[in-house]
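So the chains spell out like this:
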Amino acid sequence: MQQLDQIMEKESQLRRGMQARHMFMISIGGVIGTGLFLSSGYTVNQAGPGGAVLAYVIGGIIVSIVMMCLGELATAMPVAGSFKTYAQEFISPSVGYLSAWLYWLNGAFTIGGEWIAATIIIHQYLPGVPLWVWYALFAAIYLALNVTRVGVYGESEFWFASIKVFGIVAACIAGVLAIFGLTYHHPIGLHNYTYQGGLFPHGVGAVFMALVPVSFAYSGTELIGIAAGESKDPARSVPRAVRSTSVRTLLFYVISMIVLVGIIPWQKWLE
């Protein structure tokens, strides 16, 4: 308990400039990234339309359970070390040490992969610009935001996440209109849900294989636990952010996948 008190005293010296709206938007948009925009194609191709949706539902349930547990700890003990500190204090120092290094390695590889994925997506629209230019630009922006004060970082996360959220909502609305023929084009209908093999063309077992990329897609949810140490009022902002996890999972992953597999045949996703 003495060591725990020392940690909390040290954490009290943080500026805690993360506002409640920052925490809320990070919980919604912080997890939306390459797992939905890029790697979802692999998931649909491997598991089929129904398998992909089911995989995201199962992954979302697991994430919700984990986030409920993390939210309890982050509310009672809002430290920047987050789950590394929790593992260190409530399990053993060796487990905390291992989890810290594993999370660092995960971030080191994932961040670089996300920059590459972003350059691939933008290169499709602006092929004349070399890939390394976009990669260097994203790296510079990421570095600049992380070396500024926490309030600036929280504000940038708020607006960037808002863009992703509004973009996905608009895309889902446009997709539903296209499926039911409420546009100038012929209605797509429900053909792609049952075309060539139906909802599970590779069987239900393929759903479990799809859980690997789905788990990657949901990575980033744990940012709430880390940001709790910088929150002004973690007792209120953290529970609110955690409760939005289920809504975010349903809206921005499950519904998005339902709409996407209805628009594009599952065989075309990796072409």
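Note that the structure is a prediction, hence the values are computed from the model and not measured.

Criteria and cut-off values
- Within each chain, residue numbers correspond to sequence positions counted from 1 in written order.
- Only residues with pLDDT of at least 70 get local features here, since the model is predicted, and only at 80 or more are side-chain atom pairs given and counted; chain-wide, interface and lining totals rely on the full set of residues.
- Side-chain numbers come from the whole structure's heavy atoms, not from hydrogens or water.
- Any Phe, Tyr or Trp ring, taking Trp's six-membered ring, that has another such ring centre within 6.5 Å forms a pair; planes under 30 degrees apart are called stacked, those over 60 apart edge-to-face, and the others tilted.
- In this description a helix means any DSSP run of H or I spanning at least four residues, a strand means any run of E spanning at least two, and both kinds are numbered starting from the N terminus.
- Orientation is described by axes fitted as lines to C-alpha atoms, over the contacting stretch for helices, and by angles from 0 to 180 degrees between their N-to-C directions.
- Orientation labels follow simple angle bins: below 35 degrees gives roughly parallel, above 145 gives roughly antiparallel, 65 to 115 gives roughly perpendicular, and whatever is left gives oblique.
- With the far helix as reference, a near helix turned anticlockwise by less than a right angle produces a left-handed crossing, and one turned clockwise produces a right-handed crossing.
- Note on contacts: a residue pair qualifies if any of its non-hydrogen atoms lie within 4.5 Å across the two residues.
- For each residue, the accessible area found with a 1.4 Å probe, counting protein chains only, is set against the maximum for its type, and the residue is called buried under 20%, exposed over 50%, and partly exposed in between.
- Positive charge is attributed to Lys and Arg, negative charge to Asp and Glu, and no charge count is given to His or to the chain ends.
- Any Lys or Arg side-chain nitrogen found within 4 Å of a carboxyl oxygen on Asp or Glu counts as a salt bridge.

Details of the packing of aromatic side chains
Piece 1. Summed over all chains, the structure comprises 8 aromatic pairs.
Piece 2. Ring centres of Trp115 and Tyr142 lie 5.6 Å apart, and the angle between their planes is 70 degrees; on these two criteria the pair is classed as edge-to-face. In this pair, Trp115 sits in helix H6 (residues 93-125) while Tyr142 sits in helix H7 (residues 131-147), placing the two residues 27 residues apart along the sequence.
Piece 3. Consider the rings of Phe158 and Trp159, whose centres lie 5.1 Å apart with planes at 90 degrees: the pair is edge-to-face.
Piece 4. Put simply, the rings of Tyr56, Tyr218 and Tyr253 pair up and form one aromatic cluster.

Describing the packing of helix H5 (residues 82-90) against H6
Piece 1. At a minimum axis distance of 6 Å, the contact between H5 and H6 shows a crossing angle of 160 degrees. In this view, H5 runs roughly antiparallel relative to H6, as classed from their interaxial angle. Crossing handedness for the pair H5 and H6: right-handed. Contacts from Phe83, Lys84, Ala87 and Gln88 in H5 reach Pro93, Val95, Gly96, Ser99, Ala100 and Tyr103 in H6.

Notes on the side chain of Glu157
Piece 1. By secondary structure assignment, the location of Glu157 is in helix H8 (residues 150-179).
Piece 2. Nearest to the buried, unbridged Glu157 among oppositely charged side chains is Lys164, at 6.0 Å.
Piece 3. Residues contacting Glu157, with those up to four places away along its chain left out, are Met25 and Ile26.

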